[in-house]
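Chains, contacts and geometry: an overview
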Amino acid sequence: MQYKSQGLTIWLTGLSGAGKTTLGKAIVQKLQNQNQKVSLLDGDSLRQTLCKGLGFSSSDREENIRRIGYLADSLTREGKIAIVCVISPYRNQREKLKQQIIPFMEVYVNAPLAVCEQRDVKGLYKKVLSGEIINFTGIDDPYEYPLNPDVECKTDCETIDECVNKILTKARNLGFINLSC
Ligand code: ADP
C-alpha cells in the first residue's frame, strides 16, 4: 500500500509530554517511507529558530502559533504535508488556523496531566514543582482542549502505532490522503 497526497496540515495539540513529538515523528517516518513530501514542525525546535526570543505570555504564545501556522500554510499550499507538534493552548487560535489552512486536521493528543507529570520527558514538570518555571500550560496557564477534534489519541491507553494508524486512517477517510496499491 502507498500513501499519496496533496497538501495537508496535521496539527497535533496537547499538554507538554502528552506525546505530540513522538506521534509526529512516527507519522513523518511512515509517510516518508511512502515517498511523501512531509515536514515536521516541532514547537521546541522552532522556539530555537523561527520563534527565537518569544516567551510564554499569552501574546507571545499567540505570535508563536501565528508564525508556525504561516509556515504550515505555506507548506500545505506547496502540496506538502506539514506535521505540526505544538501545545497551541488557545481554542480560538486553533479555530482560526482551521479557517486559514486548507486542508487542516486537528488532532488532540490527550494524556491526563498526572501522566504527563509522571513521564516528565523534558524535566519541566519538576522545574514547575520547584518554582523554577511559572506560567506552565496545564498547571498555572490555561490549556483549552479541543471540543471537536478530527482525531483524539488517548496516549495513556493507546499505543503509538494505534494512534498513528488512527490519524492516518482519518486523513484517508476525509480524502486528504489517498491510498493506492
Ligand atoms: P510532547 O511532544 O507532547 O511534549 P513527547 O512526545 O515529547 O511529548 O513525550 C511523550 C512521551 O510519552 C514519550 O516518552 C513517549 O514515548 C511516551 N508515550 C507513551 N505512549 C505513547 C503514545 N501512545 N503516544 C505518544 N507518546 C507515548
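Here the residue numbers are simple positions, counted from 1 along each chain's written sequence. Predicted model: local features are reported for residues with pLDDT of at least 70 only, side-chain atom pairs are reported and counted for 80 or more only, and whole-chain, interface and lining totals are derived from all residues. Only heavy atoms go into the side-chain values, all of them from the structure, while hydrogens and water stay out.

Some points on the site of the ligand
Looking at the ligand, there are 17 residues lining it, with Gly 17, Lys 20, Thr 22, Lys 122 and Glu 158 nearest. As used in this structure description, the phrase polar contact means that two N or O atoms lie within 3.5 Å; if the pair is within protein, one of them must be able to donate a hydrogen and the other to accept it, and residues adjacent in sequence are counted only when both atoms belong to side chains. Residue Thr 21 places a side-chain N or O atom 2.8 Å away from an oxygen atom belonging to the ligand. One of the side-chain nitrogen or oxygen atoms of Thr 22 is found 2.5 Å away from an oxygen atom of the ligand. Computed by Shrake-Rupley with a 1.4 Å probe, the accessible areas treat only the displayed protein chains as cover when residues are assessed. Relative to its unbound accessible surface of 570 Å², the ligand loses 79% to contact with the protein. Those elements that place two or more of their residues in the shell around the ligand are α1 (20-32) and α7 (160-173). Looking at which element gives the most residues to the shell around the ligand, the answer is α1, with 4 residues. Here the shell around the ligand is composed, by residue class, of 6 nonpolar, 7 polar and 4 charged. We call a residue near a molecule or strand as soon as one heavy atom of that residue lies within 4 Å of the molecule or strand. The helix and strand labels rest on DSSP assignments: H or I over at least four residues marks a helix, E over at least two residues marks a strand, and numbering proceeds from the N terminus. Each residue receives one of three labels: charged for Asp, Glu, Lys and Arg, nonpolar for Ala, Val, Leu, Ile, Met, Phe, Trp, Tyr, Cys and Pro, and polar for the others, Gly being one of them.

Things to note about the packing of helix α3 (residues 58-77) against helix α4 (residues 91-100)
Two quantities define a packed helix pair, namely the angle between the axes and the distance from one axis to the other. Running from N to C, α3 and α4 point in directions that differ by 20 degrees, and their axes come no closer than 11 Å. The orientation of α3 relative to α4 falls into the category roughly parallel. The hand of the α3/α4 crossing is right-handed. Together, Arg 61, Glu 62, Ile 65, Arg 66, Gly 69, Tyr 70, Asp 73 and Arg 77 of α3 and Gln 93, Leu 97 and Gln 100 of α4 make up the contact between the two elements. Of the residues contributing to the contact of α3 with α4, the split by class is 3 nonpolar, 3 polar and 5 charged. Angular values range over 0 to 180 degrees, each being the angle between N-to-C directions of two axes fitted as lines to C-alpha atoms, with helices fitted over their stretch in contact. Each angle receives one of four descriptions, namely roughly parallel if under 35 degrees, roughly antiparallel if over 145, roughly perpendicular if within 65 to 115, and oblique otherwise. By the definition used in this description, the sense in which the near helix is turned from the far one sets the handedness, with an anticlockwise turn below a right angle giving left-handed and a clockwise turn giving right-handed. Every residue pair with non-hydrogen atoms within 4.5 Å of one another is taken to be in contact.

A few points about the packing of aromatic side chains
Geometry of aromatic contacts follows a simple scheme: Phe, Tyr and Trp rings, the Trp one being its six-membered ring, pair when their centres are within 6.5 Å, and the pair is stacked under 30 degrees between planes, edge-to-face over 60, tilted otherwise. All chains considered together, the criterion is met by 3 aromatic pairs. Plain terms: the ring middles of Tyr 108 and Tyr 143 are 6.2 Å apart, the flat faces sit at 25 degrees to each other, and that makes the pair stacked. Residue Tyr 108 is found in strand β5 (residues 104-110), and its partner Tyr 143 is found in the loop between α6 (124-129) and β6 (151-154); the two are separated by 35 residues along the sequence. In this structure, Tyr 108 and Tyr 143 share a single accessibility class: buried. We call a charge positioned over a ring when the NZ of a Lys or the CZ of an Arg lies within 6 Å of the ring centre and within 35 degrees of the ring normal. The ring of Phe 56 has Arg 47 sitting right over it, with the charged end atom 3.9 Å from the ring centre. Directly above the ring of Tyr 145 sits Arg 91, whose terminal nitrogen or CZ lies 5.3 Å from the centroid. For each residue, the accessible area found with a 1.4 Å probe, counting protein chains only, is set against the maximum for its type, and the residue is called buried under 20%, exposed over 50%, and partly exposed in between.

Things to note about the side chain of Asn 64
Mapping Asn 64 onto the fold places it in helix α3. In this structure Asn 64 comes out as buried when scored by relative accessible area, which is 6%. Here Asn 64 is in contact with Arg 47, Cys 51 and Leu 54, once residues within four sequence places are set aside.

A closer look at the nonpolar core
Of all hydrophobic cores here, the largest spans 32 residues; its most connected members are Ile 10, Leu 12, Leu 31, Ile 83, Met 105, Val 107 and Ile 167. Residue assignment for this core shows that the elements contributing at least two residues are β2 (8-13), α1, β4 (81-85), β5, α6, β6 and α7. Element by element, the count of residues in this core is highest for α7, at 5 residues. The residues contacting Met 105, other than those within four sequence positions of it, are Thr 9, Ile 10, Trp 11, Asp 150, Val 151, Ile 167, Lys 170, Ala 171, Leu 174 and Phe 176. What is meant by a nonpolar core is a set of buried Ala, Val, Leu, Ile, Met, Phe, Trp, Tyr and Cys residues, joined one to another through side-chain atoms within 4.5 Å.

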